[in-house]
Amino acid sequence: MSQQDHTQGSSAADAMVAEADTGARSATGFQGRIIISLCIIWSVFQLYIASKLPGILAQMTGFSDFANIVAQARYVHLAFAIALATLAFPLLKSSPRNRIPLYDWILLILGVGACLYLIFFRYQIADRPGLWTTTDIAVSATGMVVLMICVYRALGLPLVVIATAFVMFAFFGGYSEWVREITNYGGASLSKALGHYWMQTEGVFGVALGVSTTMIFLFVLFGALLDRAGGGNWFIKVAIALLGALRGGPAKASVLSSMLTGMISGSSIANTVATGTFTIPLMKRIGFPAEKAGAVEVASSTNGQLTPPVMGAAAFLMVEYVNIPYIDVVKHAFLPAVISYIALLYIVHLESLKMGLEGLKKSGRRIGVMMIMILFLSGFIFLGVAAFLMIGVRALLDPFMGDTIYAALAIVAVLYVVLVAIAARYPDVEVDDPNASAPTAPRLTPTLLGGAYFALPIFVLVWNLMVRTEDLDRLSPALSAFWATIFMVIVALTHRPLKAFFRNRDFSGELTAGWRDFVQGLIMGAKNMIGIGVATGAAGIIVGTISLTGAHQVIGQVIEVVSGGNLMVLLFLVAVLSLILGMGLPTTANYIVVSSLMAPVIITVGAQAGLTVPLIAVHMFVFYFGILADDTPPVGLAAYAAAAISRGDPIKTGIQGFGYDIRTALLPFLFIFNTDLLLIDVGPTKAVFVFAIALIAMLLFAAATQGYFIAKSRMWESVLLLVIAFTLFRPGYFLDQVSEKYAEASGEAAIALMSEQETQSTIRLIVAGPDFDNPDDIRRTTIEIPALAGDGTAALDAQGLTAMIDGEVLALEEPFPGTPHFDSLGTEYDFYGDTPVQIEKIQVENDRMPKEIFFIPAFLLLAGLVMIQRRRATQPAF
């Protein structure tokens, strides 16, 4: 590809990012300065409300509004998002790009006014909850309309269509007899619905927008400052230095650099362009076709949204929706993400083998595969050792420093200065031209040390989130992001002049450059948040509709009928619908939509089919498939961005990218049936074992889908690889074929069997009875309770369940509100009809041989296949 083609491709990709993420309008003069000023003010405002300044200023001045603004922050947050969406994104393709027309100023005033109305009249609104005035309704309707227009500007039609459909359901769903039978929803008046959506915190200003206000913005700002200061370039350069000289090196570097940037990025499109601008031309230079080069970048970038610690900001929403600590979200998401990325590296390696490709030329000693593995392991070991050292230093200083954080600040400051001093000995890390006549991979040591200080803010972020203690308590995600962002601000302002100082050069110009990086980081952080801000507000409409109407029950009913009670069909339908719902949505809105609509379906319908899994596994399932929409034709925006750089066909790029992501699509099905992959109730030793087995299985699955293992695979060999991979992933399936998993009993025998179980062992209850909404239908639900040795009745009583033996029937009485299973039983069954609600049967797990015994034949088959293919191998496997 020529330099001109590359420039055109990069410009097209940048334009796509602008249209999708940061705004396609480039207003000049005074209007342009207004947009820039609003971006800076928004970023500063978010830092202000995250700090302790509001409380300090309120105490110093006695003016309580300094502190009150924190409680009203989500209204201001959406006001900024609406204002910038209106100014930065043209309404139509024919709208002017270099100026802001009058109608946009009118929309801005209406939208911002509707948000600020809730602040200025908050006391009057609080005095009339639910008794909305005509003004309240007019303001709510205006705000909703302007918000939908802003969503259309920033994100296109998909989310507008989905949100509008839910609003229509709220207004007109009650007219359907079928809907009324399922949900008991009789419709809502204009006043009730609009008040629910806008005047309360049940709709637009709900949990999603609250998380966007308190957490997501800070993480996006952190990423923007890091990238603007040069951290993004450093990630790419280190990846090229580490992997570029290997077979298909640029493609492997694309995977690694996209993972590093994706961990803290909120957009798979921006991630695709940031790394793809450099790696896609390099992939094409060594022999990758345009579509495959783009597909590798797309698959790598979309997977970055699944990778802790940020997960495209969805991690913080999961904290709220699943109601578990942030550290648990990271723990559960870690293993699937690592396995997925290693498998993608292996797919790239197999593609390189099939095409006979080599890597980039590199001066000095080449790094082998084993050495790279050692470096990875050393990195994890270093982080662990550093964490323990800092904990140790803190423990030593505690008697002198008490609960202050000055010791930690001093350590970080000294470490930062030392790392910058080391970096000053090497040339600045700059991205080379990927279209150079003879591109080479840089040496690792000068590249790594030349920007190692960029890793320090990330270390501070992860430390605060997962390790660091204040009185032995981890910091909240919001505070962690705040302190990491403050440190990143310091890095952006000082790293250039500090390097100039250590190099004995004039640093006045570098001071100016550092200030420019800081200001541009503030601007880009705000621009990157425009789409997320309006999307979380619009997604709140969907959540609000569900709380108002129970709309998810309708979707559940449809899926239940179509699936016919078949568990795999149910999961497949949910996966496909999550893909469709996720098309064209940013990560945060994507997760809100699919989790609100699809997660309850798996929980309720799955329970009737006998599937009981932890809530986090269900949310991870729908989230994975929602994210895969980013590279799924025909909407896959990341595929279009990659194709703009590669000059390939976007549809073919998307199809190929989805082909690479098949291994990612497999993981959700696996951890639904094998929650060990999410490290649920798994100790350290077993975690290592689970990781090793799952990784081998995923690599074999990748080899099967690529049709190449040690040599080109025959059809039967690919099938055998799939069988081996399935055995390693789900050995329990084969165990179930030779030995019954559960012992079952009903009636009086069920109580006796429950009494025989050890305390805290799990008992499954299959409850059957007339449906509350349709008494003629028999509903079944599976719930799990802990056993109490020697007394089955007491085990039921401990869960608020009262059962009475009536012949062969174990009749169940209605549980009281507040008991553990009231929500799943008390509101779903008709306990007062002619047909009793009963515990149809109970199940307890049999004492069987370990399922891991089936690993033995699997590995024997694998050894035989290796010996067969080695005879046909024409090149080394690595």
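- As annotated in an unreviewed UniProt entry, the chain carries the name TRAP transporter fused permease subunit and is attributed to Tritonibacter aquimaris.
- Under Function (unreviewed entry), UniProt gives the following word-for-word description of the chain: "Part of the tripartite ATP-independent periplasmic (TRAP) transport system."

**Digging into the overall build of the chain**
Next up, step 1: When you go through the chain residue by residue, the secondary structure sums to 39 helices and 8 strands.
Next up, step 2: Taking all 878 residues of the chain together, 54% fall into the buried category.
Next up, step 3: Put simply, the chain shows about 36600 Å² of open surface, and 64% of that area lies on carbon and sulfur atoms.

**Some points on the nonpolar core**
Next up, step 1: Counting residues in each nonpolar core, the largest one holds 248 residues, and the members touching the most others are Trp42, Leu159, Trp198 and Phe621.
Next up, step 2: Element by element, the count of residues in this core is highest for helix α24 (residues 508-549), at 16 residues.
Next up, step 3: In this structure, Ile751, Ile783, Leu796 and Val837 belong to the second largest nonpolar core, which totals 23 residues.

**Here we look at the packing of helix α18 (residues 326-355) against helix α32 (residues 662-673)**
Next up, step 1: Between α18 and α32, whose axes approach to 10 Å, the crossing angle comes to 150°. The handedness of the crossing between α18 and α32 is right-handed. Where α18 abuts α32, its residues Pro336, Ser340, Ala343, Leu344 and Ile347 lie against Arg663, Thr664, Leu667 and Phe671.
Next up, step 2: Among the residues making up the contact of α18 with α32, the classes are represented as 6 nonpolar, 2 polar and 1 charged.

**Section: the environment of glycine 195**
Next up, step 1: Its location among the elements puts glycine 195 in helix α11 (residues 190-199).
Next up, step 2: On the basis of relative accessible area, glycine 195 is assigned to the buried category, the value being 0%.
Next up, step 3: The spatial distance from the C-alpha of glycine 195 to the C-alpha of threonine 133 is 9.7 Å, given a sequence separation of 62 residues.
Next up, step 4: Discounting chain neighbours no more than four positions away, the residues touching glycine 195 are Trp132 and Gln200.

**Some remarks on the side chain of arginine 779**
Next up, step 1: Of note, arginine 779 is situated in strand β5 (residues 778-786).
Next up, step 2: For arginine 779, a relative accessible area of 14% corresponds to the buried category.
Next up, step 3: Excluding anything up to four places from it in sequence, arginine 779 contacts Gln608, Val767, Ala768, Gly769, Asp771, Glu828 and Tyr829.

Scoring rules and cut-offs
- Residues numbered from 1 in each chain as written.
- Predicted model: local features only at pLDDT ≥ 70, side-chain atom pairs only at ≥ 80, totals over all residues.
- Heavy atoms only, no water.
- UniProt positions renumbered as here; feature names shortened; annotations may be inferred.
- Helix = DSSP H or I, 4+ residues; strand = E, 2+ residues; numbered from the N terminus.
- Buried < 20%, exposed > 50% of the residue type's maximum accessible area, 1.4 Å probe, protein only.
- Areas by Shrake-Rupley, 256 points an atom, 1.4 Å probe, with all protein chains shown as cover.
- Core = buried A, V, L, I, M, F, W, Y, C linked by side-chain atoms within 4.5 Å.
- Axes fitted to C-alpha atoms, helices over the stretch in contact; angles between N-to-C directions.
- Left-handed = near helix turned anticlockwise from the far one by under 90°.
- Contact = heavy atoms within 4.5 Å.
- Nonpolar A, V, L, I, M, F, W, Y, C, P; charged D, E, K, R; others polar.

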